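# Per-entry structural report
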Amino acid sequence: MKKKVTKAIFPVAGMGTRFLPATKSVPKEIMTLVDRPLVQYAIDEAREAGIKEFIFVTSRGKGALEDYFDHAPQLEQELRKKGKDELLETLQSTNMDSGAIAYIRQHKALGLGHAVWCARRLIANEPFAVMLPDDVIAGETSCLKQMVEAYAETGGNMVAAMEVEPQHASSYGMLDVAEDMGQLVKVRGMVEKPKTEDAPSNLAVIGRYILEPSVLRNLNQIKSGAGGEVQLTDAIARDIEQENNVYGYRFRGQRFDCGSKSGFLQATVAFGLARDDLRDDLQAYLQSVMQVDKAAE
Ligand code: G1P
């Protein structure tokens, strides 16, 4: 029987240089989309998918992240005293059961593969999820939940996949497709950040993975790859060489690249428009901006 996926690794050690100067003192994962930090979206998605243990791979300067998932007795007491039950309620999703969350330091910035490898002792011999909080995915059913359901049928390794424009291949892990079954593709190879002309397809890996523990063992052995970093993509690709299955899963939902400023702004607008308390104001504002733009043309 296939084992249940109950652990997820969140690599959050990056310096977030694309968002300087903000990230000089605020971890990127704490930057807010509307009123919730990026990382909260990933945690909610993980919970919906049945994840019970949350492993953060962090680095120096990420203290705000640890505080965010801690209880805040003084704040809670204050809100209770003032009868602010709704606000108290919003804090609920930030509370973690004791022992459900772990923080591991990645001491050197050696790449995503290395970050995941740093968590190996907490995974042991079971499948696990990896979630990159930069990729925010909106949809009716959370992306990881869709994958967990598909994984229950397939086993093996699974990566979220999405078609991208050929000129963007160099920003992603790209899949070499052996068999296209529609929602699922069977993968025969993977290349991290290839040049457009070297990309084996236009199907890119998006930051959700369900992986076998063998990938962690592969990480023991592989050398640094694209960009001089230890790449998770290469460790998954090695599993194919060892005759383990790798699937790409075309998820339903809209993905925002919150690692880029433009993606972050788009997500802010989309999540703002999705909120009953903000929609009308925001819509009116966007319409007025569009009209001014049109008039100027
Ligand atoms: C990482 C992975 C890459 C994947 C991407 C998805 O790259 O290495 O394979 O396609 O996330 O967002 P990064 O964006 O961290 O450079």
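Thresholds, definitions, all that
Residues numbered from 1 in each chain as written. Predicted model: local features only at pLDDT ≥ 70, side-chain atom pairs only at ≥ 80, totals over all residues. Heavy atoms only, no water. Near = heavy atom within 4 Å. Polar contact = N/O pair within 3.5 Å; in protein donor to acceptor, adjacent residues only side chain to side chain. 1 Å grid on protein atoms, 1.4 Å probe; cavity = no way out; pocket = protein on both sides within 12 Å on 5 of 7 lines; lining within 4 Å. Sits in = over half its atoms within 2 Å of the grid points. Helix = DSSP H or I, 4+ residues; strand = E, 2+ residues; numbered from the N terminus. Salt bridge = Lys/Arg side-chain N within 4 Å of Asp/Glu carboxyl O. Expected span 1.5 Å × (residues − 1). Buried < 20%, exposed > 50% of the residue type's maximum accessible area, 1.4 Å probe, protein only. Arc of directions from axis to C-beta. Core = buried A, V, L, I, M, F, W, Y, C linked by side-chain atoms within 4.5 Å.

This next bit is on the site of the ligand. What surrounds the ligand is a group of 13 residues, the closest being D135, G173, E192, K193 and V205. Taking E192, its side chain carries an N or O atom lying 2.7 Å from an oxygen atom of the ligand. The side chain of K193 places a nitrogen or oxygen atom 2.7 Å from an oxygen atom of the ligand. Taken atom by atom, the bulk of the ligand overlaps the largest pocket. A total of three residues in the shell around the ligand trace back to one element, the largest contributor, which is strand β11 (residues 203-211).

With that out of the way, let us pick up the pattern of salt bridges. For the coordinates displayed, the defined rule picks out 16 salt bridges. When the shortest N-O distance is used, the salt bridge between R250 and D180 registers 3.0 Å. One end of the pair, R250, is in strand β12 (residues 246-250); the other, D180, is in strand β9 (residues 173-180), and 70 residues separate them in sequence. Among the charged side chains, a salt-bridge network with shared partners connects D35, R275 and D277.

Turning our attention to helix α9 (residues 261-273). Over its 13 residues, α9 runs 18 Å from end to end, which matches the ideal 18 Å to within 8%, given 1.5 Å per residue. All of the buried residues along α9 are G263, F264, A267, F271 and G272. The buried residues of α9 occupy an angular sector of 165 degrees when projected down its axis, which confines them to one face. Of the exposed residues in α9, the ones pointing more than 90 degrees away from its buried face are K261 and L265.

Time to look at the nonpolar core. Core analysis: the largest hydrophobic core is formed by 38 residues, its most contacted members being F10, F56 and M158. Counting residues per element, the ones that place at least two in this core are β1 (7-11), α1 (38-48), β4 (53-58), β6 (128-131), α6 (143-154), β8 (157-163), β11 and β12. Looking at which element gives the most residues to this core, the answer is α6, with six residues. Core analysis: the second largest hydrophobic core is formed by 33 residues, V187, A235, I236 and I240 among them.

Interpretation note: all reported values are geometric properties and have no functional meaning in isolation.
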